[in-house]
Structures are given as C-alpha cells and as structure tokens.
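A look at the structure
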Amino acid sequence: MQRTILAAALAAVTAASLTTPAYAETWRMATKMPVDSPEGQLFQHFAERVDDYTDGDLTIQIFPNEQLGKEDAVLEQMQSGVVNIYAESFAFMKRWEPQLAWVVAPFAFDDQAHWSRFMNSDLVDGWFANAAEQSGIVPLGDPSAIVRGPYRVLVSNTPVDSIDDVAGLKMRLPPNQLLMKAWDNLGAQVMTLPWTEVYQSISKDIVQAVTSPISMVEAMRFNEVAPHIARTNEYYQSIGFMTNQAALEALDDDTREGLMRAYRETGEESQTAMAEVADASLERMQQDGVSYTELDTQPFIERTRELYERLDAEGDLPAGFLQSVQDTRDVTE
C-alpha cells in the first residue's frame, strides 16, 4: 500500500514538472484602479502578455483597488521586494528624488512628443538614478510609454476660450505649490479644496473651475455643474511602472526580454485605448449639452516660461531643467 502511495506521489510530481516552468516566478503588481476601469484592463492585458512572452516563467499577480495599501505602504513593500511593480505616477518617487515632482511641470512642453523626449533625457535619467540609489526602485522601460489621461482639461461654469478668460477665474487646485504658482501667474484666483468637494463647490459658485484629466470629468459628474470644457494640455502624464530593481536584474535574459516586450506593447495599446475612452466620454457629454474648446496653448506656454525663468534666476528650479526642456524641444522629428 505504501509503495502504491509513493508511486502515485512520484507520478504526480513528475507530471507537475512537465507542466510547470522550472524557474516560474510570481510578481505582485499593486494598483489603485478597479479591474474594470480602462487602466485596470490595460494592466490585465500586460499580465497576459507577460505570461505569454515568458512561456509562463513569470506571472504577474495584480492587486487592484489599493488592496496592498496606500502609496507609502506600497512603496515600502516595493523596497523590501514584497511588491515588484507599482502602477502609478512617477511623481510619487519624489520622496527619494524631489526633482521628480517636475515631470508634471505645467505648460512646459509643446506637445506629448516633446514631453516624452524630456522624460527620456539625460536630466530625468539622472533623477531616476538618484531615486534608485536611495530606494532600489526604477522605471520599467520608457517612463512615458503608458499614457494616462490622455490629456488634461479645464472644466468651468463659465466659458474659457482663451488665456484672457483665465483672469479672475476662481479655480480649484490641489495643494501643489508648483501648480498654484503657475495658475496664479496666469491670472486665476487659486483656491485649494479636496477633490471630493469640487462638485459641490462649483454648484455653489465657491469656485468656477477645476483642472482634470478628460477621463475623470464624466466620472466625477463635473459636467453637470460646469458645462464648459477647454482642452489645456496643462501637463502630460504616464502610468509609471515603478519596479523593484533587484528583482528585475535577477530575471534571466529571456524572461526579462519577455517582460519588456509586454511593457512596450501595453504602451502601444494605451496610446489608442485611452484616446478611445476619452473620445467616447467627450461625445456623451457633448450630446448632453457640454461645450468643448481646444485652446491655443502657446500663450499659456510662453507666460509660464517667463515664470520658470524667474524661478530659475531665484534658484528655485532644478538645475538644468530649462535647458533640457529647450534641448528636447529642438529635436527634429
């Protein structure tokens, strides 16, 4: 009887060895987004691609809806290797390199391609390297690859058709000194309010406007109280795949290449998927009576550039920031 049980156990182990990769590994990936959101679907496609391109040698286990904790808790888990990927804004890495707050500098870039070149510049590479020395966390590939937004808008209860209409506009902003200085410089009356209080504050005319990713306007119902949407391209955003460096370097070459291929293709998918989501949302809102304007952003860029030059003269800009913005602007496509 014992021999029969032992033989059966050995047979089961042998069968498992034929179907399970010899060096199979599971990575934990933390996100804030629900699985059925556009970003959540992108993450699932990424995990499926990793499984496919590594022949099952690497599995991505996704933990949505902040199941593993808030930003600070997840970043600590990343440092210890409990979490391997955190899909969120690279600006959270400013805790290790404060200059990374400037990856979302408002009105510094002519378009998304300009911003993408900046994100891959020597200056930003250096910021990420400094953060990696402190944290052991690095970007997984091109830090601009996976699009978020995909663009930002100004939502208001009064029309904003040009930079002149910003003068005196009561605008809600988060408690971000960089953004507050930029919009104050453009003439707005800046107020800081929690994101969840924006709807009520606009309905009571405490504030008249808020900036937002286009993809969040309908979800937050801002269009119900602020029926004017103006595309500003205030700054560009990506979903940063922050990655545990030691775990990444420990992968064999083939597995790492499969992971990177999955990342690159997910970035390509995000370019179209996020645009389709935004277009569908905007179309629904316009059908409900919302007006939509694409602003001439050059005056915004030029006036904010003057602010940056003053800050630079006062020593309040990262060293080399303006030069890098200019250098990446001059690159010929």
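Regarding the pattern of salt bridges
- Evaluated as defined, the whole model comprises 15 salt bridges.
- The closest approach of N and O atoms between Arg 148 and Glu 39, which form a salt bridge, is 2.9 Å. Placement of Arg 148 in strand S5 (residues 147-148) and of Glu 39 in helix H2 (residues 38-53) is noted, with a sequence separation of 109 residues between them. For the pair shown, Arg 148 and Glu 39 are each scored as buried.

Concerning the nonpolar core
- By size, the foremost hydrophobic cluster in this structure holds 39 residues, and its most contacted members are Met 93, Trp 127, Tyr 308 and Phe 321.
- Listed by contribution, the elements that provide at least two residues to this core are helix H3 (71-80), helix H4 (112-119), helix H5 (122-135), helix H6 (177-185), helix H12 (298-313) and helix H13 (321-329).
- The biggest single contributor to this core is H5, with five residues.
- Judged by nonpolar contacts, the second largest core, of 27 residues, contains Leu 42, Val 50, Ala 132 and Leu 251.

So, the packing of aromatic side chains
- One pass over the full model with this rule turns up 15 aromatic pairs.
- Plain terms: the ring middles of Trp 195 and Phe 222 are 5.1 Å apart, the flat faces sit at 80° to each other, and that makes the pair edge-to-face. Placement of Trp 195 in the loop between strand S8 (189-192) and helix H7 (198-203) and of Phe 222 in helix H9 (residues 222-225) is noted, with a sequence separation of 27 residues between them.
- Following the ring pairs from residue to residue traces out a cluster consisting of Trp 102, Phe 109, Phe 118, Trp 127, Tyr 308 and Phe 321.
- The residue whose ring lies beneath Arg 221 is Tyr 199, and the NZ or CZ to ring-centre distance is 4.7 Å.
- In this arrangement the basic side chain of Arg 231 is found over the ring face of Tyr 151, its NZ or CZ atom lying 3.7 Å from the centre.

Here is what the cut-offs are and how they apply
- Residues numbered from 1 in each chain as written.
- Predicted model: local features only at pLDDT ≥ 70, side-chain atom pairs only at ≥ 80, totals over all residues.
- Heavy atoms only, no water.
- Salt bridge = Lys/Arg side-chain N within 4 Å of Asp/Glu carboxyl O.
- Helix = DSSP H or I, 4+ residues; strand = E, 2+ residues; numbered from the N terminus.
- Buried < 20%, exposed > 50% of the residue type's maximum accessible area, 1.4 Å probe, protein only.
- Core = buried A, V, L, I, M, F, W, Y, C linked by side-chain atoms within 4.5 Å.
- Phe/Tyr/Trp six-rings, centres within 6.5 Å; stacked < 30°, edge-to-face > 60°.
- Lys NZ or Arg CZ within 6 Å of the ring centre and 35° of its normal.

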